[in-house]
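Structural characterization, general
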Amino acid sequence: MKRIFLTAAAILSTLSLAAPLSVKAENSAPVRRLLETRECFGCNLTGANLKGAHLIGVDLRNANLKGANLEGANLEGADLTGANLKSANLTKAFVSDTMLNNANLTNVNLSNSRLYNSDVDGAVMANIDLSGADVFNTAISIGGEY
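Because the structure is predicted, anything quoted here is derived from the model rather than measured.

This brings us to unusual backbone geometry. Here the phi dihedral of N102 falls at roughly 60 degrees; this positive angle occurs in a residue that is not glycine. Assignment of secondary structure puts N102 in the loop between β1 (94-96) and β2 (114-116). Of note in this structure, N112 is not a glycine but carries a positive phi near 60 degrees. Note that N112 resides in the loop between β1 and β2. Of the residues examined, N112 reaches a relative accessible area of 42% and is grouped as partly exposed.

Structure representation (structure tokens):
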């Protein structure tokens, strides 16, 4: 009897460790939608954990990504026009040919990111962290030309 109980406990603990961790319960449906359909126009991804996500070419126009974790994410060709990225973490993100027009980039951490050929027309860029970032052909600069 004791042996059966120990075996059942071992199986259950193994299954619980193998189960994928959810992002946040309130964000799981939009995150799933984004990853499955590659679009989430206007959806609420506040605080979502998209660390290391391959978001190549996704449609995130007008999405709310406030406080989202996009560390190491690949946003190549993504459309984030009008998106709210306030206080988002884009450390080590690959932001190439990305549309960030009219996006809110206030307090965004772009440290050690690569920003190439991205459009930022009309974007709010107050207090962004560009330490160690590689910026090329993108209208983001520190007191000079880009």
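Back to the write-up after that little detour.
Here we have three strands laid out as an open sheet, ordered β1-β2-β3, and parallel in their pairing. Each edge of the open sheet carries a strand with a single partner, namely β1 and β3 (134-136). For this sheet, the mean inter-axis angle between neighbouring strands, taken without regard to orientation, is 5 degrees. Taken together, the three bridges between β1 and β2 define a ladder with parallel strand orientation.

So, on to the state of the cysteines. Going through the model one piece at a time under the given rule, you end up with one disulfide. Across the disulfide, C40 is cross-linked to C43 (sulfur-sulfur distance 2.0 Å). Where C40 bonds to C43 through sulfur, the torsion about that S-S bond is close to 130 degrees, and the disulfide is right-handed. Note on C43: relative accessible area 8%, which makes it buried.

What follows deals with the confidence of the model for the chain. Per-residue pLDDT for the chain has a mean of 85; in total, 77% of the residues score no lower than 70. When pLDDT is averaged over each element of the chain, β1 comes out on top at 98 and helix α1 (residues 2-18) at the bottom at 45. Segment residues 5-26 is flagged for pLDDT under 50; beyond a separation of four residues in sequence, or across chains, it makes four contacts in the model.

Its place among the elements puts T138 in the segment after β3. By relative accessible area, T138 is classed as buried at 1%. In this structure the side chain of T138 is engaged in a polar contact, spanning 3.3 Å, whose partner is the backbone nitrogen of N117. Within the structure, the side chain of T138 is placed 3.1 Å from the backbone nitrogen of S118, a separation counted as a polar contact.

This brings us to helix α2 (residues 28-37). Each α-helix turn comprises 3.6 residues. Residues three or four places apart therefore point the same way. The set of residues buried in α2 consists of P30, V31 and L34. For α2, the buried positions fall inside an angular range of 100 degrees around the axis, keeping them on one side. R38 occupies a position one or two residues after α2 and carries a positive phi of about 70 degrees.

With that out of the way, let us pick up a negative patch on the surface. Judged by side-chain charge, E76, D97, D119 and D121 come together as a negatively charged surface patch. Checked against the element boundaries, D119 lands in the loop between β2 and β3.

Right, let's talk about the pattern of salt bridges for a bit. Where charged atoms of side chains with opposite charge meet at close range, the side chains can pair. Per the stated rule, a full pass over the model turns up three salt bridges. Here E39 makes a salt bridge to R33, at a shortest N to O gap of 3.2 Å. Taking the shortest distance from any N to any O, the salt bridge between R61 and D59 comes out at 2.7 Å. A relative accessible area of 32% places R61 in the partly exposed class. Look at D59 and you get buried, because its relative accessible area is 17%. Here the salt bridges share partners, and the residues they tie into one network are D59, R61 and D79.

Reading the values: rules and limits
- Residues numbered from 1 in each chain as written.
- Predicted model: local features only at pLDDT ≥ 70, side-chain atom pairs only at ≥ 80, totals over all residues.
- Heavy atoms only, no water.
- Helix = DSSP H or I, 4+ residues; strand = E, 2+ residues; numbered from the N terminus.
- Buried < 20%, exposed > 50% of the residue type's maximum accessible area, 1.4 Å probe, protein only.
- Pairing = 2+ DSSP bridges.
- Axes fitted to C-alpha atoms, helices over the stretch in contact; angles between N-to-C directions.
- Disulfide = S-S within 2.5 Å.
- pLDDT = per-residue confidence, 0-100.
- Contact = heavy atoms within 4.5 Å.
- Polar contact = N/O pair within 3.5 Å; in protein donor to acceptor, adjacent residues only side chain to side chain.
- Arc of directions from axis to C-beta.
- Patch = residues over 30% accessible without salt bridge, like charges linked within 9 Å, V, L, I, M, F, W, Y side chains within 5 Å.
- Areas by Shrake-Rupley, 256 points an atom, 1.4 Å probe, with all protein chains shown as cover.
- Salt bridge = Lys/Arg side-chain N within 4 Å of Asp/Glu carboxyl O.
- Lys, Arg positive; Asp, Glu negative; His and termini not counted.
- Charge placed at Lys NZ, Arg CZ, Asp CG, Glu CD.

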